[in-house]
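Now for the letters of each chain:
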Protein chains: 2
Amino acid sequence: QLLTEIIASFQSKSLAGKHVLITAGPTFEPIDPVRGITNLSSGKMGYAIAQAAWEAGAKVTLISGPTALAQPYGVQRVNVQTAQQMHDAVMSALKAQVQDVFIAVAAVADWRVANASDQKIKKTSDSDTPQLEFAQNPDILALVAALPNAPYCVGFAAESENLLQYGAAKRIKKNIPLLVGNIGHHTFGKDDNELVLFDAHGHAELGRADKQTLATKLVSELAIRLKN
Amino acid sequence: QLLTEIIASFQSKSLAGKHVLITAGPTFEPIDPVRGITNLSSGKMGYAIAQAAWEAGAKVTLISGPTALAQPYGVQRVNVQTAQQMHDAVMSALKAQVQDVFIAVAAVADWRVANASDQKIKKTSDSDTPQLEFAQNPDILALVAALPNAPYCVGFAAESENLLQYGAAKRIKKNIPLLVGNIGHHTFGKDDNELVLFDAHGHAELGRADKQTLATKLVSELAIRLKN
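Residues numbered from 1 in each chain as written. Chains lettered and ligands numbered in written order. Predicted model: local features only at pLDDT ≥ 70, side-chain atom pairs only at ≥ 80, totals over all residues. Heavy atoms only, no water.

1. Structural notes on the interface of chain B and chain A
Interfaces are often sized by the accessible area lost when the parts come together.
So, step 1. Across the contact, 34 residues belong to chain B and 34 residues belong to chain A.
So, step 2. Where chain B abuts chain A, roughly 3,000 Å² becomes buried across the two surfaces, and 57% of that area is made up of carbon and sulfur atoms.
So, step 3. When the buried area of chain B at its contact with chain A is split by residue, W111(B), K123(B) and Q136(B) rank highest and sum to 21% of it.
So, step 4. Between R35(B) and D110(A) there is a salt bridge, and its shortest N-O distance comes to 2.7 Å.
So, step 5. One can count 10 residue pairs in polar contact (both at pLDDT 80 or more) joining chain B with chain A.
So, step 6. Every element with two or more residues in the side of chain B that touches chain A is listed here: β3 (35-39) and β8 (134-136) of chain B.
So, step 7. It is β3(B) that contributes the most residues to the side of chain B that touches chain A, 5 residues altogether.
So, step 8. Of the residues contributing to the side of chain B that touches chain A, the split by class is 15 nonpolar, 9 polar and 10 charged.
So, step 9. The pairing of strand β3 (residues 35-39) of chain A with β3(B) spans 5 bridges and is classified as antiparallel. Each bridged residue has a counterpart across the sheet, and for I37(A) the counterpart in β3(B) is I37(B). (Contact = heavy atoms within 4.5 Å. Buried area = accessible area lost by both parts, 1.4 Å probe. Salt bridge = Lys/Arg side-chain N within 4 Å of Asp/Glu carboxyl O. Polar contact = N/O pair within 3.5 Å; in protein donor to acceptor, adjacent residues only side chain to side chain. Helix = DSSP H or I, 4+ residues; strand = E, 2+ residues; numbered from the N terminus. Nonpolar A, V, L, I, M, F, W, Y, C, P; charged D, E, K, R; others polar. Pairing = 2+ DSSP bridges.)

Here it is in structure tokens:
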């Protein structure tokens, strides 16, 4: 912790006084009391951005799905499980405090199980299989971006297929000022990544690096855009 | 590691020379390249038993689903993701080395997704939802217990409902000499637990304790039964 404080003291305080709200990690959508649907997001990228934003002087609230990661130093963390809980925690954080920036890094489940069971589903024969029905989850980023007085919204695109070609269109469709794309497959769980930023002026590649280095670069790019 | 060695030097070597094969953790059954079905097992109980068996002098092979736990000292770990992979790794371990004991602690998925997608399933409209079909996974414990020259098989029962009433019947149905039941709901992810043992002579309660203490007790009970 002392080391974190010392390192932070050398960072430029480009987000001093800003309130930054970040989502990170996967969500877990219950099938029954022990089973559920999740994804391979480790939360590392979101946690790294939370740490970098705090180091840049921001007050950071991190809404996190289930991860095995340590609490980032200096950051207020709220733990949630489902997409609906993440939505509710984001809306609560926006009510409790005007947020300058919202960075949606979490890999939120598009669907939840509509017929989740209160009891553990038991295997009753050698051939039975469960019948799951799905319902769409709220699109948290779209709902925040559509709010009156919305914070500066940053989205993440996990898909890599033709990202350079479609990134700009994606950003406009999502109606957000900044979209961050992961280039290259299978970033989930890895320690490094390669990011490209899409904004109204075009795109800029941040290159390949470990996630903490990329997070610091992203925060610098974000601070420049907040000043313009 | 030195501390682990010192602690181990004070334990009785009740499993000296024995080969013990253990499964632990959840499995992850893919829906598409990033999503999947899992369960809330943390792997803590299985890892604690692996550590306790090593401390008791056994050669331990641990077949582990995805967990955030550190490698247990002295134990050979094989990482797998799906129930089918866990089955294959168990059968390989049994082929490579005669195992004296098989302890099935893993929370293996009963079902896998039969129509898993090679590509990430995309949300194409505001109302579309995926259609998942399921197939049953192999019952690893039942298959091992049915082998000629099967190792001494120990099963785990995660359900708590009426366990004292149905535990004995469960053990016979599974055709194994020892069944370990978790008493009390929601042991998944917790640091403590309460176990009850069912064997041909009846049942014995190990009481409530942290998982490492229970694992050491379980290993002692196991060693007694192997000698009889």
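Still more ground to cover, so stick around.
2. Describing the sheet that holds strand β11 (residues 192-199) of chain B
All names here are of chain B.
So, step 1. The mixed open sheet is built from 8 strands, whose spatial order is β5-β4-β1-β6-β9-β10-β11-β12. Looking along the sheet, the strands with just one partner apiece sit at the ends: β5 (76-79) and β12 (202-210). Ignoring strand direction, the axes of neighbouring strands in this sheet form an average angle of 15°.
So, step 2. One ladder, built from 8 bridges, connects β11 with β12; its direction is antiparallel. By the bridge assignment, F198 is partnered in β12 with H203.
So, step 3. Contacts between helix α2 (residues 44-55) and the sheet are confined to β1 (19-24), β4 (59-64), β5, β6 (101-104), β9 (152-157) and β11, with β4 contributing the most and set at about 165° to the helix. (Axes fitted to C-alpha atoms, helices over the stretch in contact; angles between N-to-C directions.)

3. Focus: the relation of the copies chain B and chain A
So, step 1. Note on the identical chains: chain B maps onto chain A by a rotation of 180° and an axial translation of 0.0 Å, with an RMSD of 0.0 Å. Taken together, the rotation and translation describe the operation of a two-fold axis. Considering only C-alpha atoms, the residue of chain B closest to the rotation axis is I37(B), which sits at 2.2 Å.
So, step 2. The residues that chain B uses at the interface reappear at the interface of chain A in 100% of cases, marking a shared surface. (Least-squares fit on C-alpha atoms with pLDDT ≥ 70 in both.)

4. Observations regarding helix α3 (residues 83-96) of chain B
All names here are of chain B.
So, step 1. Along its 14 residues, α3 runs 20 Å from first to last C-alpha, staying within 8% of the 20 Å computed at 1.5 Å per residue.
So, step 2. Burial in α3 covers these residues: A83, M86, H87, A89, V90, A93 and L94. Down the axis, α3 shows its buried residues gathered within 165° of arc, on one side only. In this structure, α3 carries K95 and A96 as exposed residues pointing more than 90 degrees from its buried face. (Expected span 1.5 Å × (residues − 1). Buried < 20%, exposed > 50% of the residue type's maximum accessible area, 1.4 Å probe, protein only. Arc of directions from axis to C-beta.)

5. Digging into the environment of A204(A)
Residues and elements named next belong to chain A.
So, step 1. Along the chain, A204 turns up in strand β12 (residues 202-210).
So, step 2. Taking the C-alpha atoms as reference points, A204 and T67, 137 residues apart in sequence, are found 30 Å from one another.
So, step 3. For A204, the contacting residues outside a window of four places in its chain are L195, V196 and L197.

6. Regarding the sheet that holds β12(A)
Residue and element names in this part refer to chain A.
So, step 1. Ordered by their spatial adjacency, 8 strands build an open sheet running β5-β4-β1-β6-β9-β10-β11-β12, and the pairing between neighbours is mixed. The open sheet terminates on both sides in strands that have one partner only, identified here as β5 (76-79) and β12. The mean inter-strand angle of the sheet, taken between neighbouring strand axes irrespective of direction, is 15°.
So, step 2. Relative to strand β11 (residues 192-199), strand β10 (residues 178-182) is paired through 4 bridges, and the arrangement is antiparallel. Bridge pairing in β11 places V180 opposite L197.
So, step 3. Lying over the sheet, helix α2 (residues 44-55) contacts β1 (19-24), β4 (59-64), β5, β6 (101-104), β9 (152-157) and β11, oriented at roughly 165° with respect to β4.
So, step 4. Where helix α5 (residues 163-174) meets the sheet, it contacts β9, β10, β11 and β12, and its direction lies at approximately 55° from that of β11.

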